[in-house]
Amino acid sequence: MIQTRSLFHRFLRGHALFIFLPPLVLLLSFAFIGFSGIDEEHHNQLNLFYIILLLFSFIIVAFVVLSWLFFLRLRKRLIGLQEVMSYSAKHHTFPKPISVQTDRMDEIDQLATSFNWMIQQLEESSKREHEEELLRHRLIANISHDLRTPLTILRAHVTRLNKEAISSKGLESLTEMNHTITRVGDLMDDLFSYTLLTSGKHPFQPTSTDIGRLVRASVAAWYPVFEQKDIQLNVDLPTEETFYWEVDPTWMTRILDNLFQNIHRHAAEGKYASAVVDVDKEQIIIADRGPGMDQSSDERGAGIGLSASAYMLNKMKLKAVFVSDEQGTSVAIGKLN
């Protein structure tokens, strides 16, 4: 961008005129004045002293006034820029472009032009991102729908083969195939749910929720599942004390279901799970004695369920802190600081 004018050059030029022009005019005036007689010379010297004093007073006052006017105008323009730039923070949207005087084009106008260009680039980038996100959500939804048909067909064939005379190894293979089909279906459900969450199509209805009661209901639902795998479920749920969070009960239940499901799938060999509601710290603590999150597992996926849980927690202004090693995994859910 070619700079046509400079704001600070104009500032220096205007002040230089008021500082150097009056003394030059004074010197030129006295150059044409003659002196005759001692008294007249003394009188002229006295007048010269007052004139110089008045001149310097005028220069100082003019300098202060000009500086004040310059910085007042500069401050007004900068405040206008600041108000436009802070528009997005107040309204959660892109600010409007700033009007620019092309005939002036000083440093502030150049800044406004650069800001307008940045807004244009951000709007175009946001538009492309939105289009790509819609395309990605549509693609995931279509893939999830298209894969259900072949999975259903495979399950039907597995069910039919189970009724045929087959060896024990064949039955084991069919059982594993059926388990894999179920696992793929669960992964598709997690992916589809995560897509709905991130696209804002999953209903979010926060309300004041009794956390102790909610955790107790979730534990009661998972108790028979853990019992089938001989997983000891240790609970510490106070009955007389509780606390309340402004959350969506359905979302919180899904988060707890995901944590309990991870224990069931990946930490069943530890034969232990615990659920604690800490009323004093207002936390939910879920723990197991599995191999830890860093250990590989045949059931381990891409972590879509945990990603969905993290998204829901953040939406409800909560956080989950994971502590995992070879002795087990513990997650504490609490409020964001």
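Structure's up top.
Treat the numbers as computed from the prediction; the structure is a model and nothing was measured.

## Looking at the pattern of salt bridges
Reasoning step 1: Going through the model one piece at a time under the given rule, you end up with 1 salt bridge.
Reasoning step 2: In this structure, the salt-bridge partner of lysine 335 is glutamate 282, at a minimum N-O distance of 3.9 Å. Taken as a pair, lysine 335 in strand β7 (residues 328–335) and glutamate 282 in the loop between β4 (272–278) and β5 (283–288) lie far apart in primary sequence, 53 residues in all.
Reasoning step 3: Given the relative accessible area of 45%, lysine 335 is considered partly exposed.

## Examining the side chain of serine 218
Reasoning step 1: Turning to its location among the elements, serine 218 is positioned in helix α6 (residues 211–228).
Reasoning step 2: With relative accessibility at 5%, the residue serine 218 sits in the buried group.
Reasoning step 3: When near neighbours in sequence (up to four residues on either side) are disregarded, serine 218 contacts Leu256, Asp257 and Phe260.

## Some thoughts on unusual backbone geometry
Reasoning step 1: Here aspartate 230, not a glycine, exhibits a phi torsion of approximately 60°, which is positive.
Reasoning step 2: Within the fold, aspartate 230 resides in the loop between α6 and β2 (232–236).
Reasoning step 3: Here aspartate 230 falls in the exposed class, since its relative accessible area comes to 59%.

## Digging into the side chain of asparagine 116
Reasoning step 1: Here asparagine 116 shows up in helix α4 (residues 107–162).
Reasoning step 2: Apart from residues no more than four positions distant in its own chain, asparagine 116 is found in contact with Pro97, Ile98 and Val100.

## With respect to the packing of aromatic side chains
Reasoning step 1: One pass over the structure, following the stated rule, counts 5 aromatic pairs.
Reasoning step 2: Taking 6.2 Å as the distance between ring centres and 45° as the angle between the ring planes, the aromatic pair formed by tryptophan 222 and phenylalanine 260 counts as tilted. Of this pair, tryptophan 222 sits in helix α6 while phenylalanine 260 sits in helix α7 (residues 249–266), and the two are 38 residues apart along the sequence. Comparing tryptophan 222 with phenylalanine 260 shows no difference in burial state: the two are buried.
Reasoning step 3: Among the aromatic residues, those joined into a ring-pair cluster are Trp222, Phe226 and Phe260.

## Some details on the nonpolar core
Reasoning step 1: If you look at the biggest cluster of nonpolar residues, it comprises 35 residues, and the most contacted ones within it are Trp245, Met252, Phe260 and Ile284.
Reasoning step 2: Mapped by element, the contributors of at least two residues to this core are α6, β3 (244–247), α7, β4, β5, α8 (304–315) and β7.
Reasoning step 3: Per-element tally for this core: the top contributor is α7, with 7 residues.
Reasoning step 4: Leaving out residues up to four positions away in the same chain, tryptophan 245 has contacts with Thr207, Ser208, Thr209, Ile211, Met252, Glu282, Ile284, Leu318, Ile333, Gly334 and Lys335.
Reasoning step 5: Formed by 8 residues, the second largest nonpolar core is a distinct cluster that contains Leu74, Ile98, Ile108 and Ala112.

Rules behind the numbers
Counting restarts for each chain, with residues numbered from 1 along the sequence as it is written. Two thresholds apply to this predicted model, a pLDDT of at least 70 for residue-level local features and 80 or more for giving and counting side-chain atom pairs, whereas whole-chain, interface and lining totals are computed over all residues. As a rule here, side-chain values cover all heavy atoms of the structure and leave hydrogens and water aside. By definition, a salt bridge exists where a carboxyl oxygen of Asp or Glu is found within 4 Å of a side-chain nitrogen of Lys or Arg. Secondary structure follows DSSP: runs of H or I at least 4 residues long count as helices, runs of E at least 2 residues long count as strands, and numbering of each begins at the N terminus. The buried label goes to any residue with under 20% of its type's maximum accessible area, the exposed label to any with over 50%, and the partly exposed label to all in between, with areas taken from a 1.4 Å probe on protein chains only. Note on definitions: a residue-residue contact is assigned when non-hydrogen atoms from the two residues lie within 4.5 Å. Each pair of aromatic rings taken from Phe, Tyr and Trp, with Trp reduced to its six-membered ring, is defined by centres within 6.5 Å and is described as stacked if the planes are under 30 degrees apart, edge-to-face if over 60, and tilted in the remaining cases. Here, nonpolar core refers to any group of buried Ala, Val, Leu, Ile, Met, Phe, Trp, Tyr and Cys residues whose side-chain atoms link them within 4.5 Å.

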